[in-house]
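Coordinate inspection notes
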Amino acid sequence: MKNPDYYLGMDRPITRRDMFNGLAGLTLTGLIPQLSWAERSSLPKPEDLIDATYYPPGLSGLRGNHEGSFEVSHGLARKGQTDWGPVQSGANFVYDLVVVGGGISGLSAAYFYCKKHPDARVLILDNHDDFGGHAKRNEFEVNGRTLIGYGGAQTMQEPSGYSLIVKDLLGDLGVEPKVFDTAYDQDFFKRHKLGAGIHFDAEVWGDKRMVPYDLGPFHDYLMVMPSPLSAKEAVDEMPISAEAKTQFVGLLTETDDRLSEIAKADRWDYLYNISYRDFLVKHLSISEAEVLGVLQDLSIDSGVGIDSINALSAMSYSGLPGWGATGLPELESDETYIHHFPDGNASIARQLVRKMIPAVAPGDSIESLITARFDYLQLDQADNRVQLRLNSTVTHVQNSSDAKNTKQVTVSYVQNGQAYQVKARGSILACNNSMIPFLCPELPEAQREALAFQVKIPILYTTVALRNWKAWKKLGIGATVCPGSYHINAMLDFPVSLGDYRFSETEDQPVIVHMERFPHRYGEDLTAQQQYRLGRYELLTTPFDVIERNVRGQLQSMLGEGGFDAAEDIVGITVNRWSHGYSYWYNPLFDKVYDDDDDPCYPHIIGRKPFGRISIANADSAANAMMESAIEQAHRAVAELG
């Protein structure tokens, strides 16, 4: 009998094109910490590592926080390393601004600063091999066709409510949200009769089932077909006990007010301060472990399970059942969820870069941007007003102690094993808040403690390129939640066609599938932050082949009855590992929450105070993971520097 891996296609070479078979610079960065200073001196120069073949969006395997992007930071933060060898000058002049971090916030800060100071010289430093931070682009070539997907930040959510700062920036970039009214195919799932499903894997549930029922937000999120089954019919198909089925049907159909002992005016606060699990147990008499097990991980991008998310968020944001029992008015639908570029918010990052460094790609419009192949050689040219230097991990940012140069900042960084130092008239730290105390140990103790409070939510965004989506069509499924499985969900990508890029039109054409995992613990009485730290460790210690095997096995289990063959139909896998993912937002089950969002007692407010010629941006500074927050914090940081 052949090894099961054979049938899943684990022997196929397509998914082995990871960082070690990609760019020379990535391999060198991963190996460099083990080399002596003498050995490092013989390595290629940074400018020799980025050549005409350098194109990170086309790499597969483990991406996101990839090997080579975090070793120097871990040496600094975990081991207290401060000596990185002989230091070379990174420039023979003083920059006007050095930005630490090339994500949306860092790029926006550089853009705002250049708009305010048109003649400024700006350097952007980022520890990854690509810019954009979590706004990451994934590309695949399938049968001569380029597929574009997102490996991180996926959307401009509810752009009509953006602040004037954000709307003005999007206007400068030529981004008009109304374009998605036609670019996003809002009838795609219904036209192809694709609904939502719940997949039960045999290894977890004892029986394999695909139940065509929407147990989450897919109806509003993707505009899928309505469920063909009633709640009772759907639950009857679940591989759970008779008592669990009775309780589950009650949960899905309950309309009686189960909070009658609580004044209606107080119910919003009550639901905000009780866990969803406790709400189910206390008010809906859910006692069967199987019911709780199905729901356990479906709070999705909160990064925690139902025992660690408040009931209000679980039902209003994650779409979990039970709202009918609250006695509160029906929730109003948010703005239609259609504002996606094919590569998510990576298009925003790419357009910011193209505006500041026009030589990187031809054209100016958003339509021309979508299929433009960026020339990474142009990012760090000496004659650029704005230079974007990749594979460069900052190790120290310090205000000058020289009485004659009190308005200068020294920035130290390591690129491909070599230590460098540059001077600037100011610096904006648009990196993880939790790293800033190590970069700026001179900060006041209270500020360093506040910055360290930010523990990002770990995320695994996996993009899978398929030869076709015939199995999805045959099963009538476009998206599914997968209770207990490695990835908690899987869905066909957002159907967006813009510029020269066209989404898959028929089931015979290749497509991207998006899958997500949010590692956390359950039932261990851990805070959200403790769970995030453990989840981060899991992601950093899980090898690619383990994730690949789970991807292949899960899709085979889900789609096999539709004729899917994992070995033949999967042609590419890119795993976007964000061990430091979403910015931390305060969890009322564990954190002190104030009435005023800008209360000065909040750690993020304390942490973002300017320090001499050093200002702090990033989404962490708003305790909000949304793109608009990252942009607004960049604008504030630039204003602080003047």
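This text follows the structure it describes.
Anyway, here's the lowdown on the structure attached to this text. Everything numeric in this text was worked out from a predicted model, so none of it was measured.

1. Here we look at the overall build of the protein chain
If you tally the helices and strands in the protein chain, you get 27 helices and 19 strands. Relative to the compact-globule value of 26 Å for 642 residues, the protein chain shows a C-alpha radius of gyration of 25 Å, a close match. Once the C-alpha set of the protein chain is aligned to its principal axes, its extents read approximately 75 × 60 × 45 Å. Within the protein chain, buried positions represent 58% of all 642 residues. The contacts in the protein chain between residues at least 6 apart in sequence include a share of 73% that link residues at least 24 apart. Carbon together with sulfur atoms contributes 50% to the accessible area of the protein chain, which is approximately 25,500 Å² in total.

2. A few points about the sheet that holds strand 15 (residues 477-481)
The 8 strands lie next to each other as 1-18-14-17-16-15-7-8, forming an open sheet whose pairing is mixed. This sheet does not close on itself; its edge strands, each paired only once, are strand 1 (61-64) and strand 8 (209-211). Shown here is a sheet whose adjacent strand axes are inclined to one another by a mean of 25 degrees, direction ignored. Alignment of strand 15 against strand 16 (residues 489-492), held across 3 bridges, turns out to be antiparallel. The partner of Ala479 across the bridge, within strand 16, is Met491. Along the sheet, helix 24 (residues 544-559) makes contact with strand 1, strand 7 (195-200), strand 8, strand 14 (457-466), strand 15, strand 16, strand 17 (511-517) and strand 18 (570-582), crossing strand 18 at roughly 120 degrees.

3. Focus on the side chain of Asp343
Relative to the helices and strands, Asp343 is located in the loop between helix 17 (311-316) and helix 18 (346-356). Given the relative accessible area of 1%, Asp343 is considered buried.

4. Notes on helix 5 (residues 71-79)
The complete set of buried residues in helix 5 reads Val72, Ser73, His74, Gly75 and Leu76. Here the buried face of helix 5 lies against strand 10 (392-399), strand 11 (409-415), helix 20 (436-439) and helix 23 (528-541). Positive phi shows up at Gly80, right after helix 5, with a value of about 70 degrees.

5. Quick look at helix 23
With 14 residues, helix 23 extends 20 Å from end C-alpha to end C-alpha; this agrees with the ideal 20 Å at 1.5 Å per step. Along helix 23, the positions that sit buried rather than exposed are Ala528, Gln529, Gln531, Tyr532, Gly535, Arg536, Leu539 and Leu540. Seen end-on, helix 23 carries its buried residues on one side only, within an arc spanning 165 degrees. Where the residues of helix 23 are buried, they touch helix 5, strand 14 and strand 18.

6. Focus: the state of the cysteines
Under the defined criterion, the tally for this structure stands at 0 disulfides. Unpaired in terms of disulfides, Cys114 finds its nearest cysteine sulfur in Cys431, a separation of 19 Å. Classification of Cys114 by relative accessible area gives buried; the value is 17%.

7. Description of the packing of aromatic side chains
Tallied over the entire structure, the rule returns 29 aromatic pairs. Summarising the aromatic geometry, the rings of Tyr150 and Phe494 are spaced 5.9 Å apart at their centres and angled 25 degrees between planes, so their arrangement reads as stacked. Of this pair, Tyr150 sits in strand 6 (residues 145-150) while Phe494 is found in the loop between strand 16 and strand 17, placing the two residues 344 residues apart along the sequence. Residue Tyr150 is classed as buried on the basis of its relative accessible area, which comes to 2%.

8. What to know about the pairing of strand 7
Counting buried positions along strand 7 gives 6 out of 6 residues, so the element sits mostly inside the fold. Pairing of strand 7 with strand 15 involves 4 bridges; the strand directions are parallel. What sits directly across from Gly195, in strand 15, is Ile477. Here 3 bridges tie strand 7 to strand 8, and the two strands are oriented antiparallel to one another.

9. Looking at the pairing of strand 16
In strand 16, alternate side chains face the same way, and those of Asn489 and Met491 on one face and Ala490 and Leu492 on the other are all buried. Relative to strand 17, strand 16 is paired through 4 bridges, and the arrangement is antiparallel. Along strand 17, the bridge assignment pairs Met491 with His514.

10. Digging into the sheet that holds strand 10
Read across the open sheet, the 4 strands follow the order 2-12-11-10; overall the sheet is mixed. The open sheet has two edge strands, strand 2 (87-95) and strand 10, and neither has a second partner. Adjacent strand axes in the sheet meet at a mean angle of 20 degrees when their direction is disregarded. When strand 10 meets strand 11, the two strands line up antiparallel, connected through 7 bridges. Following the sheet pairing, Thr393 is matched in strand 11 by Val414.

11. Comments concerning unusual backbone geometry
Positive phi, normally seen in glycine, also occurs at Ser285, with a value near 55 degrees. Along the polypeptide, Ser285 turns up in the loop between helix 15 (276-283) and helix 16 (289-295). Located in the positive-phi region is Ile300, a residue other than glycine, with phi close to 50 degrees. Assignment of secondary structure puts Ile300 in the loop between helix 16 and helix 17.

12. What about the environment of Leu170?
Considering the arrangement of structural elements, one finds Leu170 in helix 7 (residues 164-173). For Leu170, a relative accessible area of 3% corresponds to the buried category. Separated by 91 residues in the primary sequence, Leu170 and Lys79 have C-alpha atoms spaced 41 Å apart. The residues touching Leu170, leaving out its near neighbours within four places in the chain, are Met156, Tyr162, Val175, Ile348 and Met627.

13. Here's the deal with the pattern of salt bridges
Tallied over the entire structure, the rule returns 21 salt bridges. The partner of Asp96 in a salt bridge is Arg425, with the nearest N and O atoms 3.1 Å apart. With a gap of 329 residues between them, Asp96 in the loop between strand 2 and strand 3 (97-100) and Arg425 in the loop between strand 12 (418-424) and strand 13 (427-429) connect regions that are remote in the sequence. Judged by relative accessible area, Arg425 falls into the partly exposed class, the value being 41%. Among the salt bridges present, the one from Glu445 reaches Arg448, with a minimum N-O distance of 2.4 Å. One end of the pair is Glu445 and the other is Arg448, both in helix 21 (residues 445-452) and 3 residues apart, which spans about a single turn. Overlapping salt bridges bring together Arg137, Glu139, Asp343 and Arg350 as one network.

Definitions and limits used
- Residues numbered from 1 in each chain as written.
- Predicted model: local features only at pLDDT ≥ 70, side-chain atom pairs only at ≥ 80, totals over all residues.
- Heavy atoms only, no water.
- Helix = DSSP H or I, 4+ residues; strand = E, 2+ residues; numbered from the N terminus.
- Rg over C-alpha atoms; globule rule 2.2 N^0.38 Å.
- Buried < 20%, exposed > 50% of the residue type's maximum accessible area, 1.4 Å probe, protein only.
- Contact = heavy atoms within 4.5 Å.
- Areas by Shrake-Rupley, 256 points an atom, 1.4 Å probe, with all protein chains shown as cover.
- Pairing = 2+ DSSP bridges.
- Axes fitted to C-alpha atoms, helices over the stretch in contact; angles between N-to-C directions.
- Expected span 1.5 Å × (residues − 1).
- Arc of directions from axis to C-beta.
- Disulfide = S-S within 2.5 Å.
- Phe/Tyr/Trp six-rings, centres within 6.5 Å; stacked < 30°, edge-to-face > 60°.
- Salt bridge = Lys/Arg side-chain N within 4 Å of Asp/Glu carboxyl O.

Everything listed here is a matter of coordinates, which is why it stays silent on function.
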